[in-house]
Amino acid sequence: MSEKMMENNKVSVIGEIVSGFTFSHEVFGEGFYMVELAVNRLSEQVDVIPLMISERLLDVDRNYEGCTVEAIGQFRSYNRHEGAKNRLVLSVFVREINFLEEFTDYTKTNQIFLDGYICKEPVYRKTPLGREIADLLLAVNRPYGKSDYIPCISWGRNARYASGFQVGVRVRVWGRVQSREYTKKLSDIECEKRVAYEVSVSKLECVE
């Protein structure tokens, strides 16, 4: 895999493992497993981020709950079929994992860089308190003709700037991966709590 292709999607998260491993899928005899990582924000909130890890990287039969780790890799997406609909599922695909004895610099717990293309018209809005928000969907190329589709959310001046992006424009984004709970209405009487994952943008630029 070309290193140049890898440079357009880089993520590093540091946190505490808060779940056991669950089997995800197998590729050419290599098993991939999901595990959840609790990552502290400076605001004392916590993002719980799903990691996808190969059984060749870690002994998935062991219990690592409570361990502090640094996971480095890419933010990946795939479409999961749910009945007649597709649902975008996001996780950090881990290429390297390091166990940490202790960690104090919480400014570096959650960092992501993406270089991709706007693949959907940005959605610009204001909250009831007047805060500006723009939702973006970024297509980030992967080798072998694949792409990851990453939802990004920007605020304030960044949101105003992003609201003018045309579909197809190349954009670079710096920020952090965040989790957000929301309620999905399934019918008139049925609702379901779900978790969405997205990139909270701290900096972005249009690449001419």
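Since the model is a prediction, treat every value here as computed from it, not as a measurement. (Residues numbered from 1 in each chain as written. Predicted model: local features only at pLDDT ≥ 70, side-chain atom pairs only at ≥ 80, totals over all residues. Heavy atoms only, no water.)

Bringing the environment of Tyr-124 into the picture now. Turning to its location among the elements, Tyr-124 is positioned in strand E8 (residues 123-126). For the pair formed by Tyr-124 and Ser-163, sequence separation is 39 residues and the distance between their alpha carbons is 5.7 Å. Sequence-distant contacts of Tyr-124, that is, excluding residues within four places in its chain, are made with Glu-132, Ile-133, Ala-134, Ala-159, Arg-160 and Ser-163. One polar contact links Tyr-124 to Glu-132, side chain to side chain, over a distance of 2.3 Å. (Helix = DSSP H or I, 4+ residues; strand = E, 2+ residues; numbered from the N terminus. Contact = heavy atoms within 4.5 Å. Polar contact = N/O pair within 3.5 Å; in protein donor to acceptor, adjacent residues only side chain to side chain.)

Moving on, we come to the packing of aromatic side chains. Within this structure, the stated rule accounts for 6 aromatic pairs. A ring pair is formed by Phe-23 and Tyr-33, whose centres lie 5.4 Å apart and whose planes are at 75°; its orientation type is edge-to-face. On the criterion of sequence distance, the pair formed by Phe-23 in strand E2 (residues 22-27) and Tyr-33 in strand E3 (residues 30-40) is long-range, its members being 10 residues apart. On the accessibility criterion, Phe-23 (48% relative accessible area) is partly exposed. A residue is classified by how much of its surface remains accessible, and Tyr-33, at 18% relative accessible area, is buried. (Phe/Tyr/Trp six-rings, centres within 6.5 Å; stacked < 30°, edge-to-face > 60°. Buried < 20%, exposed > 50% of the residue type's maximum accessible area, 1.4 Å probe, protein only.)

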